[in-house]
Amino acid sequence: MALRYVIKKRSFGFDKTKAEKYVAQNVITNTVEFRDLCEEITKVGMVPSGAVKFVLDALIDTLNLNLRKGISVQLGDFGCFRPGMNCESQETEKDVDSDTIRRVKIIFTPGYKFKDMLSKVSVLKMVVSDDGANKPENPDTPNPDEGEGETPDPAA
């Protein structure tokens, strides 16, 4: 499956010129719900769905617990989660305090399997048709994820 993008006009610069340029913007084509993800893991891992849900819920709880303590959590080949923050810069050291922190966030650094996938993923330009639908720029390009002779799942 190729990642899809559209071209968007953006304003850049913090000065008065506000230069307008064009950039590629990722198109999210769908969302997998938690329950559906558990079902997919069940099919791949041959583990009961309830057990998958229990383990993933426990993982989320322990990630929260450790990240709140300021601890980085390494999940093997999956990647690493760590707490982070965005702060406003100050002229002097004494002016930096908790009020200068604009946002607390979680930073995810993917493991080698995700990095390898990203290095091999293809991208496909989408065009917006008159009816507002996103369509591939070249519809004759075969989709590598759709195997020959397979019928699409009507529930998908």
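Everything numeric in this text was worked out from a predicted model, so none of it was measured.

Right, let's get into the pattern of salt bridges. All chains considered together, the criterion is met by 4 salt bridges. Residue D57 is joined to K53 by a salt bridge in which the shortest nitrogen-to-oxygen separation is 2.7 Å. On the criterion of helical spacing, the pair formed by D57 and K53 is a turn pair, its members being 4 residues apart in helix α2 (residues 49-68). Of the charged contacts in the structure, one is a salt bridge between K120 and D116, with a shortest N-O distance of 3.3 Å. Of this pair, K120 and D116 both sit in helix α3 (residues 112-120), 4 residues apart, which is roughly one turn of that helix.

This next bit is on the packing of helix α1 (residues 34-45) against α2. Where α1 contacts α2, the axes come no closer than 9 Å and their chain directions differ by 120 degrees. Between α1 and α2, the angle is such that the two are oblique. Crossing hand, α1 versus α2: right-handed. From α1, F34, C38, E39, I41 and T42 reach across to α2, where they touch S49, V52, K53, L56 and D57.

So, about the sheet that holds strand β5 (residues 101-110). The 3 strands lie next to each other as β3-β4-β5, forming an open sheet whose pairing is antiparallel. Looking at the sheet topology across the chains shown, the edges are occupied by β3 (73-74) and β5. Direction of pairing for β3 relative to strand β4 (residues 79-87): antiparallel, over a ladder of 2 bridges. Residue pairing across strands places V73 opposite F81, the latter belonging to β4. The strands touched by α2 within the sheet are β3, β4 and β5, with β4 carrying the most contacts at an inclination of about 45 degrees.

A separate point is the side chain of R4. In this fold, R4 is placed in strand β1 (residues 3-12). Its relative accessible area of 15% is what places R4 among the buried residues. In this structure the side chain of R4 is engaged in a polar contact, spanning 3.2 Å, whose partner is the backbone oxygen of A2.

As for its position among the elements, Q74 is in strand β3. Sequence separation between Q74 and F108 is 34 residues, and the spatial gap between their C-alpha atoms is 9.8 Å. Setting aside residues no more than four positions away along its own chain, Q74 makes contact with G79 and C80. There is a polar contact of 2.9 Å between the side chain of Q74 and the backbone oxygen of G76. Only 3.4 Å separates the side chain of Q74 from the backbone oxygen of G79, close enough to count as a polar contact.

Taken together, F78, F108, F114, M117 and L118 make up a surface patch of nonpolar side chains, about 440 Å² in accessible area. Ranked by residue count, the leading element in the nonpolar patch is α3, at 3 residues. By secondary structure assignment, the location of L118 is in helix α3.

With that out of the way, let us pick up unusual backbone geometry. Its identity as a non-glycine residue notwithstanding, M46 has a phi of 55 degrees, on the positive side. Here M46 lies in the loop between α1 and α2.

What counts and how
- Residues numbered from 1 in each chain as written.
- Predicted model: local features only at pLDDT ≥ 70, side-chain atom pairs only at ≥ 80, totals over all residues.
- Heavy atoms only, no water.
- Salt bridge = Lys/Arg side-chain N within 4 Å of Asp/Glu carboxyl O.
- Helix = DSSP H or I, 4+ residues; strand = E, 2+ residues; numbered from the N terminus.
- Axes fitted to C-alpha atoms, helices over the stretch in contact; angles between N-to-C directions.
- Parallel < 35°, antiparallel > 145°, perpendicular 65-115°, else oblique.
- Left-handed = near helix turned anticlockwise from the far one by under 90°.
- Contact = heavy atoms within 4.5 Å.
- Pairing = 2+ DSSP bridges.
- Buried < 20%, exposed > 50% of the residue type's maximum accessible area, 1.4 Å probe, protein only.
- Polar contact = N/O pair within 3.5 Å; in protein donor to acceptor, adjacent residues only side chain to side chain.
- Patch = residues over 30% accessible without salt bridge, like charges linked within 9 Å, V, L, I, M, F, W, Y side chains within 5 Å.
- Areas by Shrake-Rupley, 256 points an atom, 1.4 Å probe, with all protein chains shown as cover.

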